[in-house]
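What follows is each chain in one-letter form.
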Amino acid sequence: MLAAMPPTPDATAPGPGAPDRGRSDACPGALRLHTADDGALARIRIPGGLLTDRQAMALADAAGELGDGHLETTSRGNVQLRGLPSGSGLDLGRRLRAAGLLPSDSHERVRNIVASPAAGLDGQGHADVQAWVRELDRLLCASEAAAGLSGKFLFALDDGRGDVAALDADVTLIATAGGGVLLRLGRAATARRVPADQAVRQALGAAEEFLRALRAGGGRAWHLREVPELLDPGAEPLPALPGTTLAPGALAGGLLVGLRFGRVSAVQWRTLAEVAADAAGELRLTPWRGVVLPGAPAARLPELARAGFRTDPGTAWERAGACTGLPGCAKSVADVRTDAARALDAAVGGGLPVHWSGCERRCGHPAGRWVDVLATGQGYRVTRMAVDGTAGPSVDVTTEQMAEAVAEARRTM
Ligand code: SF4
């Protein structure tokens, strides 16, 4: 998708202090729309995936009145609207500002923050990372330098359960038992212990240091991991984190529902907002295409299942994703979501994360070990990816054979 970025004026271009990376940062935003094959696309950053029920309603209204009537969640817990008229940016910006979803025009694309979505609900973590999200967002938007970050730079705030710490962020904070906090840079195997009351400020400081180094050295990096000399390994080995993942259904302290490939209609989205309004008034979008509804009772699950959300744990849909594919993206050689949905509905149980792609860009693929399912034009190539990003054994199959090959690859790694 990124290569098709049109030469639209960049309303959010960073100032002259931004590093010259030698190529433009094509990440779409809420103000700089991306021209896709199905119309303009807006990506609205939702730090920590945190929305009030009113903000969720405002997004549903925008999707219905300006876009194609659907909303998508991304692998960073952000929201995309598609099918927008090319001239709708001003109207969308006005709506987002009114809803409190656009606190800074100049920083709108750098507010990339993921956080443990069940923090504070189930007693499993060691910190209220939602408070960290709000503090980091405020500091980011107040930092003139931070406007020079790329739209790909990611902060992860993990409450100690090891969920978002696995997302390959540029800067990660990890809460530890007893009120401690570790700061990890890039993919370093070690981390630095930081004072809890300074942790968020130091996370932002690491990002600002990265920008200073880029400016001084004329660097072209997008990510901290691309600048090894900046990766202060710190003194502490990374702790073994539980790596907890959430399953759809009732949680301690609320509900989790899954969105098939992260895409729902505005009508479905309003159902979520209404359930949230009857509970704590809050929605938390997860980086795994789910939504946590704090305080919502299990009695609402049947209604959410009828509305088309995934509410059952243990199905093949868990940890499954797919790029846009046809018809939304002309680079694709297949309608990957339709093929993937058929395969997932037919499969029993899950396994490793799996991601379908319509071309070799593999937009939105997961990190760590996963199964890559690439459309080839004749069918699919199913490949097991190792944790270091190298490709393992692969098999070329027809579309009809693909479900079985994917199920086996997910089971046998
Ligand atoms: S991976 Fe999918 S969405 Fe991305 S460019 Fe290729 S076909 Fe389009």
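Attention here is on the structure that accompanies the text.

Here is what the cut-offs are and how they apply
Residues numbered from 1 in each chain as written. Predicted model: local features only at pLDDT ≥ 70, side-chain atom pairs only at ≥ 80, totals over all residues. Heavy atoms only, no water. Axes fitted to C-alpha atoms, helices over the stretch in contact; angles between N-to-C directions. Helix = DSSP H or I, 4+ residues; strand = E, 2+ residues; numbered from the N terminus. Parallel < 35°, antiparallel > 145°, perpendicular 65-115°, else oblique. Left-handed = near helix turned anticlockwise from the far one by under 90°. Contact = heavy atoms within 4.5 Å. Nonpolar A, V, L, I, M, F, W, Y, C, P; charged D, E, K, R; others polar. Phe/Tyr/Trp six-rings, centres within 6.5 Å; stacked < 30°, edge-to-face > 60°. Buried < 20%, exposed > 50% of the residue type's maximum accessible area, 1.4 Å probe, protein only. Lys NZ or Arg CZ within 6 Å of the ring centre and 35° of its normal. Pairing = 2+ DSSP bridges.

## A short note on the packing of helix H1 (residues 53-65) against helix H5 (residues 266-278)
Right, so step 1: One can describe the packing of H1 onto H5 by two numbers: an axis separation of 9 Å at closest approach and a directional angle of 165°. Accordingly, the angle class assigned to the pair H1 and H5 is roughly antiparallel. The chirality of how H1 crosses H5 is left-handed. Of the residues in H5, those in contact with Asp53, Ala56, Met57, Leu59, Ala60, Asp61, Ala63 and Gly64 of H1 are Ala266, Trp269, Arg270, Ala273, Glu274, Ala276 and Ala277.
Right, so step 2: Residues belonging to the contact of H1 with H5 are distributed by class as follows: 10 nonpolar, one polar and four charged.

## Re the packing of aromatic side chains
Right, so step 1: Considering all chains together, one arrives at three aromatic pairs under this definition.
Right, so step 2: Residues Phe261 and Trp317 carry aromatic rings whose centres are separated by 4.9 Å and whose planes lie at 50° to one another, so their mutual orientation is tilted. On the criterion of sequence distance, the pair formed by Phe261 in the loop between strand S13 (254-258) and strand S14 (263-265) and Trp317 in the loop between helix H6 (301-306) and strand S17 (320-322) is long-range, its members being 56 residues apart. Neither Phe261 nor Trp317 differs from the other in exposure class; each is buried.
Right, so step 3: An aromatic cluster of three or more residues is present, and its members are Phe153, Phe155 and Phe210.
Right, so step 4: The ring centre of Trp317 lies 5.2 Å from the NZ or CZ of Arg260, which sits over that ring.

## Points about unusual backbone geometry
Right, so step 1: For the peptide bond that leads from Leu326 to Pro327, omega is 5°, which places it in the cis range.
Right, so step 2: Secondary-structure assignment places Pro327 in the loop between S17 and helix H7 (336-346).
Right, so step 3: Positive phi, close to 65°, is recorded for Asp168, a residue that is not glycine.
Right, so step 4: Along the polypeptide, Asp168 turns up in the loop between strand S7 (155-158) and strand S8 (171-176).
Right, so step 5: Positive phi is not limited to glycine here, since Arg289 has a value of about 60°.
Right, so step 6: Tracing the backbone shows Arg289 in the loop between strand S15 (282-285) and strand S16 (290-294).

## Let's talk about the pairing of S16
Right, so step 1: Here S16 lies mainly inside the structure; five of its five residues are buried.
Right, so step 2: Alternating residues of S16 divide into Gly290, Val292 and Pro294 and Val291 and Leu293, and every residue in both groups is buried.
Right, so step 3: In terms of strand pairing, S13 meets S16 through five bridges, oriented antiparallel. Considered in S16, the bridge of Val257 is made with Val291.
Right, so step 4: Here two bridges tie S15 to S16, and the two strands are oriented antiparallel to one another. Note on S16: the bridge partner recorded for Leu285 is Val291.
Right, so step 5: Two successive antiparallel strands, S15 and S16, enclose a turn made up of four residues, where Arg289 displays a positive phi of approximately 60°.

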